[in-house]
Amino acid sequence: MSERFRALFTLKALKTDDAVRAIGRGFADPSALLKHEVAYVLGQMKLEAALPILTAVLENTTEDSMVRHEAAEAMGAIGKADVIPVLEKYLNDPEDAVRETCELAVDLLKWEQEKKAAEGKRSESAYSSVDPAPPLPIDEANDVPKLREILLDASLPLFKRYRAMFSLRNVGTEEAVLALADGFGDKSALFRHEIAYVFGQLQHPASVPSLAKVLQNASEEGMVRHEAAEALGSIATPECLPLLKEFAKDSDDVVRESCEVGVDMWEYENSGDLQYANGLSHHH
């Protein structure tokens, strides 16, 4: 799986419509982990040629919800407002992760059309990823207790809470990391998985105990445990490796395959090799 991931990131770097079509053929694979990564990469490439491919994945209600969620998020990342009606069809999807992602993607696309110009400056990000929500305007973006309050307020729209999440990521201090870790108590699996994703980008050792707890929790959703495993591979402190090796035997395919990829990432992070330098921008 780790070799296939590397091939995927090599194709991503080509940034052509041909590469989009080659990557899109990955949706025929049995592995939900690979398919969700294919969707993620297509969103990050921001090429419109991916939209029909991603739309077909979202509309396939027999597909794994983790893959459909990632397809909807990618449709938002590409940034064309004309996909809003397709996304709106799934705002009542029976799968929470799909429904919530479509809500976020619609909010992002509408925000890009209407609000972006009206807002003040936002904190610069050290990350090259296209995120499901932009950080909050700068006057709100450095006050960690205030951001934590927004993050954890389940009465607020998910889009606003995600904005606080990405602001906390950009702050990046230990205080911000511990505020983010409190998000693992949220009732939404989508929200919890996004916290783990952000931790993979931050690579802050203070997030390791909370990520370890998520990976070790057999009753946690695979979508969340998988993201925790990849984050641990990305952070790559010594205590991460035995954990990843232990859960590379997990009964959940997505968790098992993610731990395999996580071990590969850990070894890369600790080797000084440039193999992934262009690649796992998902995590770097």
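Treat the numbers as computed from the prediction; the structure is a model and nothing was measured.

Asker: I keep staring at the pattern of salt bridges and nothing clicks. Help me out?
Answerer: Should the charged atoms of two oppositely charged side chains come close, the side chains can pair. As enumerated under the stated definition, the model contains 17 salt bridges in all. Across the salt bridge formed by Asp131 and Arg169, the nearest N and O atoms sit 2.9 Å from each other. Placement of Asp131 in the loop between helix H7 (96-114) and helix H8 (144-152) and of Arg169 in helix H9 (residues 158-171) is noted, with a sequence separation of 38 residues between them. For the pair Asp131 and Arg169, a shared accessibility class is recorded, and that class is buried. Note that Arg192 is salt-bridged to Glu220, the shortest N-O span being 2.8 Å. A residue pair is termed long-range when its members are at least 10 positions apart, and Arg192 in helix H11 (residues 189-202) and Glu220 in the loop between helix H12 (208-216) and helix H13 (222-235) qualify at 28 residues. With a relative accessible area of 12%, Glu220 lands in the buried category.

Asker: I tried to follow the packing of aromatic side chains on my own but got confused; where do I start?
Answerer: Aromatic rings in a pair are described by how distant their centres are and how their planes are angled relative to each other. If you walk through the whole model with that rule in mind, you get five aromatic pairs. Plain terms: the ring middles of Phe184 and Phe199 are 5.9 Å apart, the flat faces sit at 65° to each other, and that makes the pair edge-to-face. Here Phe199 lies in helix H11 and Phe184 lies in the loop between helix H10 (174-181) and H11, a separation of 15 residues in the sequence. Over the face of the ring belonging to Phe191 we find Arg161, whose NZ or CZ atom lies 4.3 Å from the ring centre.

Asker: Teacher, can you tell me more about the nonpolar core here?
Answerer: Leu54 and Leu87 are the most contacted members of the largest nonpolar core, which totals 98 residues. Sequence-distant contacts of Leu87, defined by excluding residues within four places in its chain, comprise Leu58, Ala72, Met75, Cys102, Ala105, Val106 and Leu109.

Asker: Can you walk me through the packing of H13 against helix H14 (residues 240-247) in this structure?
Answerer: When two helices pack together, you describe them by how their axes are tilted relative to each other and by the distance separating the axes. Relative orientation of the contacting elements H13 and H14 amounts to 140°, with a least axis distance of 9 Å. Relative to H14, the crossing made by H13 is left-handed. Across the interface between the two elements, Arg225, Ala229, Leu232 and Gly233 of H13 pack against Cys240, Leu243, Leu244 and Phe247 of H14. Here the contact of H13 with H14 is built from residues that sort into six nonpolar, one polar and one charged.

Asker: Explain the side chain of Asn170 to me, please; I cannot follow it from the model alone.
Answerer: You can see Asn170 is positioned in helix H9. For Asn170, a relative accessible area of 18% gives the class buried. Filtering out sequence-adjacent residues up to four positions away, Asn170 remains in contact with Ser123, Glu124, Ser125, Tyr127 and Pro135.

Asker: Please explain the environment of Asp186 as it appears in this structure.
Answerer: In this structure, Asp186 sits in the loop between H10 and H11. Beyond its immediate sequence surroundings of up to four residues, Asp186 is in contact with Arg161, Phe191 and Arg192.

Asker: Before we go on, may I ask you to explain the UniProt feature "binding site: Fe cation 2" (unreviewed entry) in the protein chain in this structure?
Answerer: UniProt tags His193, Glu194, His226 and Glu227 as "binding site: Fe cation 2" (unreviewed entry). A maximum C-alpha distance of 11.2 Å among these annotated residues, which run over 35 residues, shows that they cluster at one spot. With respect to the helices and strands, the residue His193 is situated in helix H11. Owing to a relative accessible area of 3%, His193 belongs among the buried residues under this scheme. When sequence neighbours within four positions are dropped, the list of residues in contact with His193 reads His69, Met223, Val224 and Glu227. By secondary structure assignment, the location of Glu194 is in helix H11.

Procedures and definitions
Residues numbered from 1 in each chain as written. Predicted model: local features only at pLDDT ≥ 70, side-chain atom pairs only at ≥ 80, totals over all residues. Heavy atoms only, no water. Salt bridge = Lys/Arg side-chain N within 4 Å of Asp/Glu carboxyl O. Helix = DSSP H or I, 4+ residues; strand = E, 2+ residues; numbered from the N terminus. Buried < 20%, exposed > 50% of the residue type's maximum accessible area, 1.4 Å probe, protein only. Phe/Tyr/Trp six-rings, centres within 6.5 Å; stacked < 30°, edge-to-face > 60°. Lys NZ or Arg CZ within 6 Å of the ring centre and 35° of its normal. Core = buried A, V, L, I, M, F, W, Y, C linked by side-chain atoms within 4.5 Å. Contact = heavy atoms within 4.5 Å. Axes fitted to C-alpha atoms, helices over the stretch in contact; angles between N-to-C directions. Left-handed = near helix turned anticlockwise from the far one by under 90°. Nonpolar A, V, L, I, M, F, W, Y, C, P; charged D, E, K, R; others polar. UniProt positions renumbered as here; feature names shortened; annotations may be inferred.

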